[in-house]
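Chains, contacts and geometry: an overview
Each chain, written out:
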Amino acid sequence: MTIVAGCDNAAVDLKNTLVASLRESGVTVEDAGCTDSQDPTPYPKIAERVCRHIIDSGYVKRGLLVCGTGVGMCICANKFPGIRAAVGHDAFSAERSILSNDGNVICFGARVIGPELAKKILREWVSLEFKDGPSTPKVQAIAELERQTMK
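Residues numbered from 1 in each chain as written. Predicted model: local features only at pLDDT ≥ 70, side-chain atom pairs only at ≥ 80, totals over all residues. Heavy atoms only, no water.

So, the pattern of salt bridges
Inspection of the entire model under this criterion finds eight salt bridges. Notably, a salt bridge pairs Arg96 with Glu95, separated by 3.5 Å at the nearest N-O pair. Overall, the relative accessible area of 28% leaves Arg96 in the partly exposed class. Salt-bridge contacts for Lys120 lead to Glu124; the nearest nitrogen and oxygen are separated by 2.6 Å. Taken together, the residues Lys120 and Glu124, both in helix 5 (residues 115–127) and four residues apart, mark about one turn of the helix. Taking the relative accessible area as the measure of exposure, Lys120 reaches 42% and is therefore partly exposed. Note on Glu124: relative accessible area 32%, which makes it partly exposed. (Salt bridge = Lys/Arg side-chain N within 4 Å of Asp/Glu carboxyl O. Buried < 20%, exposed > 50% of the residue type's maximum accessible area, 1.4 Å probe, protein only. Helix = DSSP H or I, 4+ residues; strand = E, 2+ residues; numbered from the N terminus.)

Structure below.
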């Protein structure tokens, strides 16, 4: 699995911690920035960069986005077709983002969640895969909404 990670300048430390943790567990990570707390790149641009990498991979890659709250990154990511992002500050929501919604981007807020909990949730999230089942019609309905509204 390859994760494309990105953050704004408010979340560089948490992103770096999460990237290191993923790499230590054998996950390939592409770092899409920011790399420095002085980088003025606004989070919508970072979210766009990460989402375009995912789209260009044919949705094989997943994304990790970190900002102050996780909310702004999540809103931006969900503007892209085929991207299903969720804020994952608790294990159950992160799990359901994959198992119920075939999610492909997890978002964290550096001002909301601590690094140890974020690492634990992220490790679990990357281990999950969506399986065809009762949630499939709902995921298909999401895709249909995208076709209708993202023209």
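Concerning the packing of aromatic side chains
In total, this model carries zero aromatic pairs according to the counting rule given. Lying over the aromatic face of Trp125, Arg62 brings its terminal NZ or CZ to 5.0 Å of the ring centre. (Phe/Tyr/Trp six-rings, centres within 6.5 Å; stacked < 30°, edge-to-face > 60°. Lys NZ or Arg CZ within 6 Å of the ring centre and 35° of its normal.)

Points about the nonpolar core
Of all hydrophobic cores here, the largest spans 43 residues; its most connected members are Leu64, Leu65, Phe108 and Leu122. Listed by contribution, the elements that provide at least two residues to this core are strand 1 (2–7), helix 1 (12–24), helix 2 (43–56), strand 3 (62–67), helix 3 (71–77), helix 4 (91–99), strand 5 (105–109) and helix 5. (Core = buried A, V, L, I, M, F, W, Y, C linked by side-chain atoms within 4.5 Å.)

Observations regarding the environment of Met1
On the secondary structure map, Met1 appears in the segment before strand 1. Remark: the alpha-carbon pair of Met1 and Val27, spanning 26 residues in sequence, is separated by 6.1 Å. Those residues in contact with Met1 that lie beyond four places of it in its chain are Val27, Thr28, Arg62 and Val126. (Contact = heavy atoms within 4.5 Å.)

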